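# Tertiary structure, described
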Amino acid sequence: MENIKLVIDNTLGFISKDKVFAYEKEVSACNSMLHNGTGKGNDFLGWLSLPSSTSAELINDIKQTADLLRKECEVVVVAGIGGSFLGAKAVIDALSNTFIWLKKDTNTPVIVYAGNNIGEDYLAELMDYLSDKKFGIINISKSGTTTETALAFRLLKTQLEKQVGKAKAKNLIVAVTDASKGALRTLATQEGYKTYVIPDNVGGRFSVLSPVGLLPIAVAGLDLNQLLAGARKMEEVCGLNTPFAENPAAIYAATRNELYRNGKKIEILANYQPKLHFFAEWWKQLFGESEGKENKGIFNAAVDFSTDLHSMGQWIQEGERTIFETVISIKQASKKVVVPTDNDNLDGLNFLAGKRVDEVNKMAELGTMLAHVDGGVPNMKIEVPELNEYYIGQLIYFFEKACGISGYLLGVNPFDQPGVEAYKKNMFALLEKPGFEAETKAIKARL
Ligand code: PA5
């Protein structure tokens, strides 16, 4: 079976192949640091072997819980933020029928998300929507103390208990959290919820292949075995034994760092399938939170083409020349729509008659790539044979591995996120959270 393929040819007018291949030693040292646990953040390397180490028992257990939620619920709310949200949403959106939840004959519960914002209107509207629905909750938080998620969960739990009673609600709530620490673990133990453990050594943005992502993905009816099989394939392909030239994660990490060192400070991930919007959001978090520190790091942006060719396309074509583009290119759409002939041809589209819509999309992709390269934007392409669980699994692991290598090339710890605490500290001080008295006093003096 084919694998995803990285093509860097269209960066080579901007940087040289020799320079990219000159990274071989450095990249191999970074890859070894990951596998030997000798680099920064080495207590968070559990994600490296998740595909090959996840047991069949765990998968079966997750599937059973998912089946129960699928049977009992019209709606499942997935509560979580950052790494406890984006991976599941990315995979579910990429692989589900876009309109499945508007169909009447589906057995799949509607999946909605909460705990990823503090919008009062959002929560009010969600609670109103749920008020006449049979719903369940998957509450995901590694720390168990994240305000956005805990707040949403308090509201949703209260509502569910009111709607079905405390005893029944308990069976419709699943918690995914630390094995022993945090408020969510304490609460789940006290209430008797079904729980799954986020391994200590797996950080949020690297957790999609743990129960964090796997449970919601199973609720969506997707194939966990294929997802993990794809990831396992990339675990092998991007492993220590693969030569540099054949390791796509190594080449991607080297190329983006070489571009960065040559003034290309912004990487834009482009897709031509609206289903991949949240995959790009997941990617943005993965790289942004891993690399943006110590006043360094590529800024990660994402665009959905051709939609955004009618907005950000102008900037990409002619704005400041500090960007490069990475395109996720799906070889062929899974479904077939052919443009019909129209005798009157009033819209002038008969030149497309008989062609698949995907062929039009492919020409938009090729035309855009050529235009952007001409406009001074280096272009990398990741060719994906098909949009399915197996290849999404490959993509996930490929990007995770590239991110680990790339972070080490940059010289940062790719597995911490100290900067995320700054807003929390101020928010808690402003909300006068117990324990933040000194910060409250200091911040009030500034206002
Ligand atoms: O990648 C990360 O570590 C973060 O994005 C976290 O996933 C996010 O902050 C949510 O944290 P938690 O799962 O502890 O609620």
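Residues numbered from 1 in each chain as written. Predicted model: local features only at pLDDT ≥ 70, side-chain atom pairs only at ≥ 80, totals over all residues. Heavy atoms only, no water.

### Digging into the domain arrangement of the protein
Keep this limit in mind: Boundaries of every domain are those given by an automatic assignment or by a domain database. By the convention used here, residues are in contact when the closest approach between their heavy atoms is within 4.5 Å. The buried area of a pairing is the accessible area, by a 1.4 Å probe, that goes missing from both parts when the two are put together, added over both. Salt bridges are defined as contacts in which a side-chain nitrogen from Lys or Arg sits within 4 Å of a carboxyl oxygen from Asp or Glu. Nitrogen and oxygen atoms within 3.5 Å of one another constitute a polar contact, given that in protein one can donate a hydrogen and the other can accept it, and given that sequence-neighbouring residues count only through two side-chain atoms. Put simply, DSSP marks the helices as runs of H or I at least four residues long and the strands as runs of E at least two long, and each gets a number from the N terminus on. Gly counts as polar in this scheme, as do all residues outside two lists: the nonpolar Ala, Val, Leu, Ile, Met, Phe, Trp, Tyr, Cys and Pro, and the charged Asp, Glu, Lys and Arg.
In terms of domains, the protein is made up of domain 1 (5-40 + 227-416) and domain 2 (46-226). For domain 1 and domain 2, the distance between their C-alpha centroids amounts to 29 Å. Between domain 1 and domain 2, the residue contacts involve 33 residues of the former and 32 residues of the latter. Carbon and sulfur atoms supply 66% of the area buried between domain 1 and domain 2, which totals about 2,800 Å² over both sides. The tally of links from domain 1 across to domain 2 stands at 1 salt bridge. Arg 205 serves as the salt-bridge partner of Glu 289, at 3.1 Å between the closest nitrogen and oxygen. Linking domain 1 with domain 2 are 19 residue pairs in polar contact (both at pLDDT 80 or more), by the criterion used here. Elements with a minimum of two residues in the side of domain 1 that touches domain 2: helix H2 (24-36), helix H11 (224-237), helix H13 (277-291) and helix H16 (389-410). For the side of domain 1 that touches domain 2, the residue count by class is 18 nonpolar, 5 polar and 10 charged.

### A look at a nonpolar patch on the surface
Keep this limit in mind: For patch detection, residues must exceed 30% relative accessible area and be free of salt bridges, and they are connected within 9 Å for like charges or within 5 Å for nonpolar side chains (Val, Leu, Ile, Met, Phe, Trp, Tyr). Calculation of accessible area relied on Shrake-Rupley with a 1.4 Å probe; when residues are assessed, cover is drawn exclusively from the protein chains displayed. Exposed residues in this analysis have more than 50% of their type's maximum accessible area, buried residues have under 20%, and partly exposed residues fall in between, with area computed by a 1.4 Å probe over protein chains only.
Where nonpolar side chains cluster on the molecular surface, the patch consists of Ile 118, Leu 151 and Leu 155 and spans about 230 Å² of accessible area. Tracing the chain through its elements places Leu 155 in helix H7 (residues 147-164). Looking at Leu 155, the relative accessible area reads 32%, which means it is partly exposed.

### Side note on the sheet that holds strand S1 (residues 5-7)
As a reminder, the rule being used: Should DSSP find at least two bridges between two strands, the strands are taken to pair. For helices, the fitted line uses only the C-alpha atoms of the stretch in contact; every axis is such a line through C-alpha atoms, and the angle between N-to-C directions lies from 0 to 180 degrees.
Read across the sheet, 5 strands follow the order S1-S10-S9-S7-S8 without closing on themselves; strand pairing throughout is mixed. Among the strands making up the open sheet, the edge pair consists of S1 and strand S8 (299-304). Along the sheet, successive strands turn relative to each other by an average axial angle of 20 degrees, direction set aside. Relative to strand S10 (residues 379-384), strand S9 (residues 323-330) runs parallel, the two sharing 6 bridges.

### Considerations on the pattern of salt bridges
A pair can form between side chains of opposite charge whenever their charged atoms are brought close. Inspection of the entire model under this criterion finds 23 salt bridges. Across the pair Asp 178 and Lys 181 runs a salt bridge whose closest N-O atoms are separated by 3.6 Å. A residue is classified by how much of its surface remains accessible, and Lys 181, at 48% relative accessible area, is partly exposed. With a shortest N-O distance of 2.5 Å, Lys 444 and Glu 432 are connected by a salt bridge. Taken together, the positions of Lys 444 in helix H18 (residues 437-446) and Glu 432 in the loop between helix H17 (421-430) and H18 put the pair 12 residues apart, joining distant regions of the chain. The class of Glu 432 is partly exposed, set by a relative accessible area of 48%. Via salt bridges that share partners, Lys 157, Glu 161, Lys 166 and Glu 191 belong to a single interconnected network.

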